[in-house]
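In case you want the letters, here they are:
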Amino acid sequence: MPQPTLIGLPYDASSSYRRGAALAPPAIREALNCPSTNSWSESLREIRLGDALRDVGDLDLPPTGEARARIEDGIRRLLEAGGVPLALGGDHSVTYPILKALGPHHPGLTILHIDAHPDLYQDFEGDPFSHACPFARILEDGLAQRLVQVGIRGMNGHQKAQAERFGVEVIDMRAWAEGIRPVLQGPLYVSIDVDGVDPAFAPGVSHREPGGLSSREVITLLQRLPGPLVGADVVEFNPGQDPIGLTAPLCARLVKELASRMLETTERP
């Protein structure tokens, strides 16, 4: 059976405002191993590193465009070894090379994207590979059939036009507050920008947008995902912006719930 596999992507050179997300993978692992909590998901699966959750460590990534090719190759090798990628960013630009490796293996792929921002710019400040652009690149390349975005509250006119161009299904926070929820089917990839969560719960991000999802809402959304869940990433955690340490435990909880759901949706009766 495919095994959920952590892979760290310590890259933030495509960040547009404040760097620091490259420091996130070791901080999330530390939170996963912290004795302040246990290694069990809420559905009572033990998600222990090295057991239910394999860990292949961090890729060696330069702060240049070469990182994209290294990420794509690293994910491809993980897939060849029978792993289900659970990537720790890094800024959100890493999702594009992940999908370049993963997408062709899963025709009809749906992406659930949790974020404050749509990340659909055609380019941002002249950079088509900015962390503000990955989903434009993914959809241009046909790496997913469907993109569903939840938690959006930082859209502008250009990104609205891009969403319409690509047929993106956007559940912004106004729609979420009215009770709209995504209707999903697999195969499914989940991309979580931690700033999709309200900064009251996750202050350790570079782009804080008030009025977001609660940690409980995100966890419940993950627990109700259909299968199969074929990959996921948790990105844009910036440890330097969280001196009291609220965000790393949340990221660790998201990792445990994602890994648990990966196992639950790939098991055979």
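A brief look at the structure comes next. (Residues numbered from 1 in each chain as written. Predicted model: local features only at pLDDT ≥ 70, side-chain atom pairs only at ≥ 80, totals over all residues. Heavy atoms only, no water.)

## A word on the pattern of salt bridges
Per the counting criterion, the structure on display carries 17 salt bridges. A salt bridge links E42 to R216; the shortest N-O distance between them is 3.0 Å. One end of the pair, E42, is in the loop between α1 (24-32) and β2 (54-58); the other, R216, is in helix α7 (residues 215-223), with 174 residues separating them in the sequence. A relative accessible area of 40% places E42 in the partly exposed class. Linking R76 and E72 is a salt bridge whose minimum nitrogen-to-oxygen distance equals 2.8 Å. A residue pair is termed a helical-turn pair when its members lie 3 or 4 positions apart in one helix, as R76 and E72 do in helix α2 (residues 66-80) at 4 residues. The class of E72 is buried, set by a relative accessible area of 17%. (Salt bridge = Lys/Arg side-chain N within 4 Å of Asp/Glu carboxyl O. Helix = DSSP H or I, 4+ residues; strand = E, 2+ residues; numbered from the N terminus. Buried < 20%, exposed > 50% of the residue type's maximum accessible area, 1.4 Å probe, protein only.)

## Quick look at the nonpolar core
One recurring pattern in soluble globular proteins is that nonpolar side chains are buried together. In terms of nonpolar packing, the biggest core is built from 48 residues, with L112, V190, L222, V255 and L258 touching the most fellow members. When residues of this core are assigned to their parent elements, the largest contribution, 10 residues, is made by helix α8 (residues 247-266). Counting residues in hydrophobic clusters, the runner-up holds 32 residues, among them I75, A101, L102 and L143. (Core = buried A, V, L, I, M, F, W, Y, C linked by side-chain atoms within 4.5 Å.)

## Things to note about the layout of surface pockets
Here the largest pocket defines a volume of roughly 230 Å³. Along the walls of the largest pocket sit A27, E30, A31, C34, S36, T37, G245, A248, P249, A252, R253 and K256, which together make up its complete lining. Of all the secondary structure elements, the ones that give two or more residues to the lining of the largest pocket are α1 and α8. Considering each element in turn, the lining of the largest pocket owes the most residues, 5 residues, to α8. Among the residues forming the lining of the largest pocket, the class breakdown is 6 nonpolar, 3 polar and 3 charged. (1 Å grid on protein atoms, 1.4 Å probe; cavity = no way out; pocket = protein on both sides within 12 Å on 5 of 7 lines; lining within 4 Å. Points joined across faces, edges and corners; volume = space filled by probe spheres on them. Nonpolar A, V, L, I, M, F, W, Y, C, P; charged D, E, K, R; others polar.)

## Let's talk about the sheet that holds strand β4 (residues 110-114)
Two orientations exist for strands paired in a sheet by backbone hydrogen bonds: parallel and antiparallel. As summarised here, the arrangement of the 8 strands in space is β2-β1-β3-β8-β7-β4-β5-β6, forming an open sheet in which the pairing is parallel. Among the strands making up the open sheet, the edge pair consists of β2 and β6 (169-172). Adjacent strand axes in the sheet meet at a mean angle of 15 degrees, parallel and antiparallel pairs treated alike. Here strand β7 (residues 188-193) pairs with strand β8 (residues 229-235) via 6 bridges, running parallel. When the sheet's bridge partners are listed, I192 is paired in β8 with V234. Contacting β1 (3-9), β2 and β3 (83-89), α2 runs over the sheet at an angle of about 150 degrees to β3. The sheet strands contacting α8 are β1, β3, β7 and β8, and the helix crosses β8 at an angle near 175 degrees. (Pairing = 2+ DSSP bridges. Axes fitted to C-alpha atoms, helices over the stretch in contact; angles between N-to-C directions. Contact = heavy atoms within 4.5 Å.)

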